Amino acid sequence: MLATRVLPGMSWAAAAKGLRRCTARQGRWCSSGLLDLYRERAADRGYRQSGAQESCLERLDALRRELAGKSANPSRGMYIYGDPGGGKTMLLDLFHEALVAKGIPSRRAHFHDFMIDVNRELHRIRTEMGGVSDPLARVAESFLAKWPVLCFDECHVLNVGDAMIMRAFFERLFAAGGTVVATSNLAPDKLYSSGINREVFQPFIDAVLRHCDAVELSPGQDFRQWKSGELAGSERSFFWPLGPAADAQLAVALETLRRSSEPPVATTVPVPMGRVLQCRRAWLNGVRAGEFSYEELCVAAVGTPDYLALCDAFDVIVLTGVPTFASSEEDAARRFASLVDVLYDRHKRLLCTIDGPPRSIFAAIRSQYSGGAEEETSTAPSANAIRIPTHGGGSGRHVSAFRLPSKAMSYTDSGRYGVSSDSQGSPGVAPVAQETWVEWSATGLKDASMFDLTCHTSSQQHDRLLPLLRCESRLEEMSYLQHN
């Protein structure tokens, strides 16, 4: 049975019409190639076509035909990478829709949803089976039994926990015959470049290169920014600078979007693992909307599971008081970027009051990720290393230690650490000798973080900055009420 979703502002009659279109489109999937349908959709929706996208679609269409042929041998997947705004997600969605229309079981998952699903399945297996060996193999087998094809959007890894889960899961999925089509802003060999102990993630990269063709999508422009230019002059959904005028504009936009002046009520939003989010102002009839402050969704201890729960509860998220982020507010900035990722992927509306234009709010954080060193070419152990010494250590024998970056790390007389912009360091700062290992403990480096010890080359800094760059691109498109 086909299903269609009722979007914000859509009547049930419009939804029924959309269902009829969906049925008609399913017939066209069976008789047309991806390239024809891409051109048709571009004409219908006013998309700007790209030769780079068409070339990529031809390869996706060849894979679609191969999967439809039901060969006994696993099909090679694709790993599509390129800068934000190049159309990777759109192409992945076209491919996924075509597979479903052909009756080929396929799971389309954003990175955030995927990691939550894998952790949830791990929890289930451990609860039901106890201390089973290699539980991630069971997770991969369970996944493959339902979906032989995984369409995986936004492959980007920043923490070691996700890195280890992805390595184990995908090695087992490929070994069992699964086919993966993934998108990313990074080439496979650049993934997790700012991560700790990157060498233990390398088998994931090797598996991707063995089982997928890496295809760079470089249309030469950010299509979201182009679309933002096309919408310039239409009604906005972001309002700046912060103040009474922006608050008033936000209220008018919300009423326009909801087509109702219904008064708000307080409610709670259930979150996985038995938690709830409090919502002080919610509109629950018709187009559902929930209002939250920046502090509630970006400063408080919330994360992706909370944002996914908000998407289940509301069609529109109203966020007030988004600042221009200081360099010291990186944690909150990354939560905001995760929120935007989830809302964009789930096709939810975001209305917000913000301190300035979307492209300006991360400026301070961007500036601190510039001027990275040239890439290391030596065969010495990576600076992204952590080890357990066999003796010594101020906290006892079993203590973690890091190998410091060769030039940038230094200590002040007070014992705090600093990052020098050149090899001479700053006045009054003694540089740390190259190849020095330093203890990490509860009483160790003041003001330091694990990441500060593993982000000193230009590619590592770019890796760390990518979620914010992607957020900027998406905000350009989401900042107008008329965006699709």
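Residues numbered from 1 in each chain as written. Predicted model: local features only at pLDDT ≥ 70, side-chain atom pairs only at ≥ 80, totals over all residues. Heavy atoms only, no water.

### Quick notes on the sheet that holds strand β11 (residues 349-354)
The pairing of strands in a sheet happens through backbone hydrogen bonds and is either parallel or antiparallel.
Here is step 1 of the chain: In spatial order, the strands read β6-β11-β10-β9-β8-β7; together these six strands make up an open sheet with mixed pairing. Unpaired on one side and paired on the other, β6 (238-239) and β7 (265-271) mark the two borders of the sheet.
Here is step 2 of the chain: Looking at chain direction, strand β10 (residues 316-322) and β11 are connected through five bridges and run parallel. Residue pairing across strands places Val 322 opposite Ile 354, the latter belonging to β11. (Pairing = 2+ DSSP bridges. Helix = DSSP H or I, 4+ residues; strand = E, 2+ residues; numbered from the N terminus.)

### Focus on the environment of Pro 467
Here is step 1 of the chain: Tracing the sequence through the fold places Pro 467 in helix α15 (residues 458-478).
Here is step 2 of the chain: Placed 129 residues apart in sequence, Pro 467 and Ser 338 show a C-alpha to C-alpha distance of 7.9 Å.
Here is step 3 of the chain: Each residue touching Pro 467, except ones within four places of it in the same chain, is listed here: His 156, Leu 158, Arg 334 and Ala 337. (Contact = heavy atoms within 4.5 Å.)

### Examining the packing of aromatic side chains
Here is step 1 of the chain: A complete count under the given rule lists 18 aromatic pairs for this structure.
Here is step 2 of the chain: Ring centres of Phe 170 and Phe 174 lie 6.2 Å apart, and the angle between their planes is 45°; this geometry places the pair in the tilted category. With Phe 170 and Phe 174 both in helix α7 (residues 160-175) and four residues apart, this pair spans about one turn of that helix. Each member of the pair, Phe 170 as well as Phe 174, is classed as buried. (Phe/Tyr/Trp six-rings, centres within 6.5 Å; stacked < 30°, edge-to-face > 60°. Buried < 20%, exposed > 50% of the residue type's maximum accessible area, 1.4 Å probe, protein only.)

### A short note on the confidence of the model for the chain
Here is step 1 of the chain: Mean pLDDT over the chain: 80, with 72% of residues reaching 70 or higher.
Here is step 2 of the chain: Confidence drops under a pLDDT of 50 for residues 388-399, and excluding neighbours within four residues, the segment shows 20 contacts in the predicted structure. (pLDDT = per-residue confidence, 0-100.)

### Thoughts on the pattern of salt bridges
Here is step 1 of the chain: Enumeration according to the criterion identifies 33 salt bridges in this entry.
Here is step 2 of the chain: Between Arg 124 and Glu 128 there is a salt bridge; the shortest N-O distance is 2.7 Å. Highlighted residues: Arg 124 and Glu 128, both in helix α5 (residues 111-129), separated by four residues, approximately one helical turn.
Here is step 3 of the chain: Note that Asp 341 is salt-bridged to Arg 470, the shortest N-O span being 3.4 Å. Taken together, the residues Asp 341 in helix α13 (residues 330-345) and Arg 470 in helix α15 connect sequence positions 129 residues apart. Like Arg 470, Asp 341 is buried.
Here is step 4 of the chain: Connected through shared salt-bridge partners, Asp 93, Arg 108, Asp 153 and Asp 345 make up one network. (Salt bridge = Lys/Arg side-chain N within 4 Å of Asp/Glu carboxyl O.)

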